[in-house]
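The residues making up each chain are set out below.
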Amino acid sequence: MNSKVSLIVKVVLFALIIFLGYKLQQIIQEPIDFEKLKEKRYTVVKDRLEKIRDAQKEFRSEYQAFAPDIDALIAFVDTGEVAIIERKDSSFMYYDKVYQQDMEKDTIITKILGYQKVKDKVFGSDFDAESLRFIPFSNNSPFQVKAGKITVNDVVLPVFEAKAPNTEIFYDVMDKYDQYIDKDYALQVGDMNEPKLSGNWK
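Quantities reported herein were computed from a predicted structural model and do not represent experimental measurements.

Visitor: Outline the overall build of the protein, supporting the account with residue identities and numerical values.
Guide: Scanning the protein from N- to C-terminus turns up 5 helices and 5 strands. Order of helices (α) and strands (β) in the protein, N terminus to C terminus: α-α-β-β-α-β-β-α-α-β. Across the 202 residues in the protein, those meeting the buried criterion constitute 29%. Sequence separation of at least 24 residues holds for 59% of the intrachain contacts in the protein that already meet a minimum separation of 6. For the protein, the exposed surface amounts to about 13600 Å²; the carbon and sulfur share of it is 52%.

Here's what the structure looks like:
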């Protein structure tokens, strides 16, 4: 083997070593990079889901049910008003026919002092209610919001859930990190089958 061919072989082998080293580094680094990306994106999406939950709790306080979809919830936050109520403990005397004597009974007196915008009460006056609609990092995909009622021990209870699927949270990097993404998983608050408001990440 002459010196020219030997040099070419050495150059090719050196390039191959560099390429294989790069591919090995990628194999090691890719899952680490995805975990960092996942943590950042999940933090943002969880915060948005918690805001949806806060809005739903206020909706339930007003209507004894949850908003049936994201449009109704946004409209409530954007233009709705809730009463500012003052509550005072009190008592009064009444005649008890069984004991045939005057007796004292405790009660609560409520008084409406005025009304406050839902947006101001829950989030602040500069909050954009429309920001509740879309899943962060998605291709403008709305949160999957639904509500209904279930019966637990003969008691009818309102329930809701809001979901953000992984396929939407990572839609722009699906090709790159496909093997690391659980396509069946979704971040979620609430549950249509249980009367709970917590997130499924807790």
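Visitor: Report on the nonpolar core, specifying residues and quantitative values.
Guide: When a protein is soluble and globular, its nonpolar side chains tend to lie buried together. Membership of the largest hydrophobic core comes to 33 residues, with the highest contact counts inside it found for Ile-52, Phe-143, Ile-169 and Phe-170. Contributing elements (two or more residues each) for this core: helix H1 (3-63), helix H2 (70-79), strand E4 (155-165), helix H5 (174-177) and strand E5 (186-190). In this structure Ile-169 touches Arg-41, Tyr-42, Val-45, Ile-135, Pro-136, Phe-137, Ala-164 and Leu-187, once residues within four positions along its chain are discounted.

Visitor: Residues and numbers for H2, please.
Guide: For H2, the complete set of buried residues consists of Ile-70, Leu-73, Ile-74, Phe-76 and Val-77. Seen from one end, H2 has its buried residues packed into an arc of 160°, which puts them on one side.

Visitor: Give me the environment of Ala-164: which residues, what numbers.
Guide: Looking at where Ala-164 falls in the secondary structure, it is placed in strand E4. You can call Ala-164 buried: its relative accessible area is 0%. Counting along the chain gives 26 residues from Ala-164 to Ser-138, while the straight-line C-alpha distance between them is 9.4 Å. Excluding residues within four positions of it along the chain, Ala-164 makes contact with Val-45, Ile-135, Phe-143, Ile-169, Ala-186 and Leu-187.

Visitor: Summarise the environment of Val-77; cite the residues concerned and give the values.
Guide: With respect to the helices and strands, Val-77 occurs in helix H2. On the basis of relative accessibility, which here comes to 1%, the residue Val-77 falls in the buried class. Along the primary structure Val-77 and Phe-59 are separated by 18 residues, whereas in three dimensions their C-alpha atoms are 8.6 Å apart. Each residue touching Val-77, except ones within four places of it in the same chain, is listed here: Ala-55, Val-118, Lys-119, Phe-123, Phe-127, Ala-129 and Leu-132.

Visitor: Give a detailed account of the pairing of E4, specifying residues and quantitative values.
Guide: The pairing of strand E3 (residues 144-152) with E4 spans 9 bridges and is classified as antiparallel. Bridge pairing links Gln-144 to Lys-163 in E4. Taking the residues that link successive antiparallel strands as the turn, the E3-E4 hairpin has 2 residues, and the phi of Asn-153 there is positive, at about 50°. By the bridge criterion, 5 bridges tie E4 to E5 in an arrangement that is antiparallel. Within E5, the residue paired with Ala-162 across the bridge is Val-189.

Visitor: Can you explain the pattern of salt bridges? Please cite residues and give values.
Guide: Under the definition given, this model contains 9 salt bridges. Here Lys-51 makes a salt bridge to Asp-47, at a shortest N to O gap of 2.9 Å. Separated by 4 residues within a single helix, Lys-51 and Asp-47 lie in helix H1, roughly one turn from each other. Since its relative accessible area comes to 35%, Asp-47 is described here as partly exposed. Across the salt bridge formed by Asp-178 and Lys-183, the nearest N and O atoms sit 3.1 Å from each other. Its relative accessible area of 36% is what places Lys-183 among the partly exposed residues. Here the salt bridges do not stand alone but share partners, grouping Asp-71, Glu-130 and Arg-133 into one network.

Visitor: Any details on the sheet that holds E5? Residues and values, ideally.
Guide: Spatial ordering of the open sheet is given by E3-E4-E5, a layout of 3 strands whose pairing is antiparallel. The sheet terminates laterally at E3 and E5, the two strands that pair on one side only. Ignoring which end each strand starts from, the neighbouring axes of this sheet average 25° apart.

Parameters and conventions
- Residues numbered from 1 in each chain as written.
- Predicted model: local features only at pLDDT ≥ 70, side-chain atom pairs only at ≥ 80, totals over all residues.
- Heavy atoms only, no water.
- Helix = DSSP H or I, 4+ residues; strand = E, 2+ residues; numbered from the N terminus.
- Buried < 20%, exposed > 50% of the residue type's maximum accessible area, 1.4 Å probe, protein only.
- Contact = heavy atoms within 4.5 Å.
- Areas by Shrake-Rupley, 256 points an atom, 1.4 Å probe, with all protein chains shown as cover.
- Core = buried A, V, L, I, M, F, W, Y, C linked by side-chain atoms within 4.5 Å.
- Arc of directions from axis to C-beta.
- Pairing = 2+ DSSP bridges.
- Salt bridge = Lys/Arg side-chain N within 4 Å of Asp/Glu carboxyl O.
- Axes fitted to C-alpha atoms, helices over the stretch in contact; angles between N-to-C directions.

In short, shape yes, function no, at least from these values alone.
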